[in-house]
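# Architecture at a glance
Read off the chains here:
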Amino acid sequence: MIDLRTLRDHPDRLRASQRARGEDDSVVETLLALDERRRSALTGYETLRAEQKSVGKSVSAASGDERAALLARAKELSAGVKGAEAEAEKLAKELDELLSSVPNVVEEGAPVGGEDDYVVLEEVGEKPRFDFTPRDHLELGEMLAAIDTERGAKVSGARFFFLKGVGARLQLGLLNMAMQQAIEAGFTPMITPVLLKPEAMAGTGFLGSHASEVYRLEADDLYLVGTSEAPLAAYHWNEILDGGSLPMRYAGWSSCFRREAGSYGKDTRGIIRVHQFDKVEMFSYCRPEDAVQEHARLLEWEKQMLAKVELPYRVIDIAAGDLGSSAARKFDCEAWLPTQNRYLELTSTSNCTEFQARRLSVRYRDTDEKPRHVATLNGTLATTRWIVAILENHQQADGSVVVPKALRPYVGLDVLEPVK
RNA sequence: GGUGGAGUCGCCUAGUGGCCGAGGGCGCACGCCUCGAAAGCGUGUGAUGGGGCAACCUAUCCGUGGGUUCAAAUCCCACCUCCACCGCCA
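Conventions adopted
- Residues numbered from 1 in each chain as written.
- Chains lettered and ligands numbered in written order.
- Predicted model: local features only at pLDDT ≥ 70, side-chain atom pairs only at ≥ 80, totals over all residues.
- Heavy atoms only, no water.
- Helix = DSSP H or I, 4+ residues; strand = E, 2+ residues; numbered from the N terminus.
- Buried < 20%, exposed > 50% of the residue type's maximum accessible area, 1.4 Å probe, protein only.
- Contact = heavy atoms within 4.5 Å.
- Areas by Shrake-Rupley, 256 points an atom, 1.4 Å probe, with all protein chains shown as cover.
- Lys, Arg positive; Asp, Glu negative; His and termini not counted.
- Charge placed at Lys NZ, Arg CZ, Asp CG, Glu CD.
- 1 Å grid on protein atoms, 1.4 Å probe; cavity = no way out; pocket = protein on both sides within 12 Å on 5 of 7 lines; lining within 4 Å.
- Points joined across faces, edges and corners; volume = space filled by probe spheres on them.
- Nonpolar A, V, L, I, M, F, W, Y, C, P; charged D, E, K, R; others polar.
- Near = heavy atom within 4 Å.
- Polar contact = N/O pair within 3.5 Å; in protein donor to acceptor, adjacent residues only side chain to side chain.
- Pairing = 2+ DSSP bridges.
- Phe/Tyr/Trp six-rings, centres within 6.5 Å; stacked < 30°, edge-to-face > 60°.
- Lys NZ or Arg CZ within 6 Å of the ring centre and 35° of its normal.
- Axes fitted to C-alpha atoms, helices over the stretch in contact; angles between N-to-C directions.
- Parallel < 35°, antiparallel > 145°, perpendicular 65-115°, else oblique.
- Left-handed = near helix turned anticlockwise from the far one by under 90°.
- Core = buried A, V, L, I, M, F, W, Y, C linked by side-chain atoms within 4.5 Å.

## A closer look at the overall build of chain A
Scanning chain A from N- to C-terminus turns up 13 helices and 18 strands. Considering only C-alpha atoms, chain A reaches an extent of 105 × 45 × 45 Å along its principal axes. A burial count over chain A gives 50% of its 420 residues as buried. Contacts in chain A between residues far apart in sequence, at least 24 positions, make up 73% of those at least 6 positions apart. If you sum the accessible surface of chain A, you get close to 20,200 Å²; carbon and sulfur atoms cover 49% of it. Averaging the locations of the 53 positively and 66 negatively charged side chains of chain A gives two centres separated by 3 Å.

## Some details on the layout of surface pockets
Roughly 860 Å³ of internal volume is contained in the second largest pocket. Those elements giving two or more residues to the lining of the second largest pocket turn out to be helix 1 (4-9), helix 2 (11-20), helix 10 (291-308), helix 11 (355-360) and strand 15 (372-373). Ranked by the residues each element gives to the lining of the second largest pocket, the list is headed by helix 2, at five residues. Tallied by class, residues from the lining of the second largest pocket come to 15 nonpolar, seven polar and eight charged.

## Overview of the protein's contact with RNA strand B
Taken together, 25 residues are adjacent to RNA strand B, and Arg8, Arg39, Glu46, Arg49 and Gly56 come closest. In the interface set of RNA strand B, defined as its atoms within 4 Å of the protein, sugar plus phosphate atoms amount to 74%. A distance of 2.5 Å is found between a phosphate oxygen of RNA strand B and a side-chain nitrogen or oxygen belonging to arginine 8. One nitrogen or oxygen atom from the side chain of arginine 363 is found 2.7 Å from a phosphate oxygen belonging to RNA strand B. At the level of secondary structure, the elements contributing two or more residues to the surface near RNA strand B comprise helix 1, helix 3 (27-61), helix 4 (64-100) and strand 14 (362-365). With 14 residues, helix 3 is the single largest residue contributor to the surface near RNA strand B. Within the surface near RNA strand B, the residues separate by chemical class into seven nonpolar, five polar and 13 charged.

## Describing the sheet that holds strand 8 (residues 239-242)
Here we have three strands laid out as an open sheet, ordered 8-14-15, and mixed in their pairing. Looking at strand neighbours, the two that pair on one side only are strand 8 and strand 15, the edges of this open sheet. Bridging between strand 14 and strand 15 involves two bridges; their strand directions are antiparallel. Residue pairing across strands places arginine 363 opposite histidine 373, the latter belonging to strand 15.

## Focus: the packing of aromatic side chains
Overall, the coordinates contain six aromatic pairs when judged by the stated rule. For the ring pair tyrosine 235 and tyrosine 250, a centre distance of 5.4 Å and an interplane angle of 70 degrees mean the geometry is edge-to-face. You can see tyrosine 235 sitting in the loop between helix 9 (229-234) and strand 8 and its partner tyrosine 250 sitting in strand 9 (residues 248-257), a full 15 residues away along the chain. What makes tyrosine 250 buried here is its relative accessible area of 7%. With 5.1 Å between their ring centres and 70 degrees between their planes, tryptophan 336 and tyrosine 343 make a pair best called edge-to-face. An aromatic cluster is present here, built from Tyr235, Tyr250, Phe283 and Tyr285 joined pairwise through their rings. Of note, lysine 127 hangs over the ring of tryptophan 336, and the distance from its end group to the ring centre comes to 4.0 Å.

## What to know about the packing of helix 7 (residues 166-184) against helix 12 (residues 386-393)
The relative placement of two packed helices is expressed as an angle between their axes plus a distance between the axes. Running from amino to carboxyl end, helix 7 crosses helix 12 at an angle of 115 degrees, the nearest separation of the two axes being 11 Å. When the interaxial angle is binned, helix 7 and helix 12 end up roughly perpendicular. In this structure, helix 7 meets helix 12 at a crossing whose hand is right-handed. Between helix 7, through Gly167, Leu170, Gln171 and Leu174, and helix 12, the contact on the second element is made entirely by Trp386, Ile387, Ile390 and Leu391.

## Re the pairing of strand 10 (residues 276-286)
Counting buried positions along strand 10 gives ten out of eleven residues, so the element sits mostly inside the fold. In this structure, strand 10 lies alongside strand 16 (residues 375-383), joined through eight bridges in antiparallel fashion. By the bridge assignment, phenylalanine 283 is partnered in strand 16 with asparagine 378.

## Some points on the pairing of strand 13 (residues 342-351)
For strand 13, a buried count of eight out of ten residues is recorded, marking the element as mostly surrounded by other parts of the structure. Of the pairings in the sheet, the one linking strand 12 (residues 329-337) to strand 13 comprises nine bridges and is antiparallel in character. The partner of lysine 330 across the bridge, within strand 13, is serine 350. The hairpin formed by strand 12 and strand 13 contains four residues between the paired strands, and asparagine 341 there has a positive phi angle of roughly 55 degrees. Looking at chain direction, strand 13 and strand 16 are connected through three bridges and run antiparallel. Paired with asparagine 351 across the bridge in strand 16 is leucine 377.

## Considering the environment of lysine 93
Secondary-structure assignment places lysine 93 in helix 4. Separated by 120 residues in sequence, lysine 93 and glutamate 213 place their C-alpha atoms 26 Å apart.

## A look at the nonpolar core
Counting 56 residues, the largest nonpolar core has Leu391 and Leu407 as the members making the most contacts within it. Looking at this core element by element, the count peaks at eight residues for helix 7. When residues no more than four places from it in sequence are discounted, the contact partners of leucine 391 are His137, Leu140, Gly141, Leu144, Ile147, Leu170, Val401 and Leu416. In this structure, Ile2, Leu4, Val27 and Ala84 belong to the second largest nonpolar core, which totals 19 residues.

The quantities given are spatial measurements derived from coordinates; they are silent on function.
Structure below.
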């Protein structure tokens, strides 16, 4: 949720942000007008309510005719108060709904435009050159008996899979290495719930435009998370944190569930786009003035992980129109995928500024200061999808795959050998 | 799933319709006292919206949501959470 005060004081900032996202900026005028009406309704209600309280109080002290007269007056006021309160509440709700529909104010410097208007910030590492025809990750996964999508489909349907043998070991090793890096960087490791209440899910912003992406358990009115960002953001819901403890950094390990509605026919082969995968996610709570710097740190930690698995990749700065509603800025790291001659998103880090914290009411306080909303940020450290890029980039002519050096202690193998 | 008990200001607690505009204690902050400290004494001590340059004023908040009433922490209904016991169970 955007800040109403900022909107009142600096409406131009929101107008510019809306235009950068390619969205309607007239919502600013509508919001300001609605806010005006709401405040005047509130004042009207408060005045009536104050009178009602004072008359009500005098009823108990009076007697006889005076009491009867006061009672009559009190009854009148009671009806008036109800009406005025309902009006004020109605306007407050309208304002809240409209306010909730407005995406975060874009950070200055983010590229203007849509999905294709990202800016490449850097390219890291060498793309591999093969003197044989490289196999794609599924072919390799099957040769290694690491990935079984056929039985995944048999048991659970399309876009489900089994990781088996060295495949399972590769994922466990990768995610353990991510956790270990996070712990060494001072993150608190977390294993989170993957089912969330509607309020928690809505609070983190995943029931907005993402609603059709989310699995819902009808019988229990719970949602399956698409990322541990959701439980980690809701973790301090309705809390006031000690300013001295910021930044607070959590590394969450969870399975993630996505319906992938609307992606029919896209990445149908293998495990690039699936309904269930595992992920280690970094999540930071920090002071708003430190958020840009924290965002840079998260990106560095992602690059550190990518270096450990020795993948060629590029970093892109996502354009305003392609940002999620909570994000003010977003950087993705995309690994090179040799068999498809394209880049594949492996990490994504967003600075949500105070947008998410405002909706979830997560604040911090320094001694003797008023509470302020924290900034929240998130970033990927490793996911199941990384296996795709690792297999393809480190394959050899015989179908074996060299395990990146840093990962070897975690996987327990130097080379993954095809199963005869 | 069943039965019973409980949820009040950071923590503990008082509070059975108007004297609650929520009292007391702990903690915390400041002051007095002291060479310094402890103890003691005094003062202060939440959140949110609105108004105001400000001090301050005002409304709301006693688990959540409804209801009764001129008036609700207090009465009624539903729900949530926690605790205990029973049943089932990885």
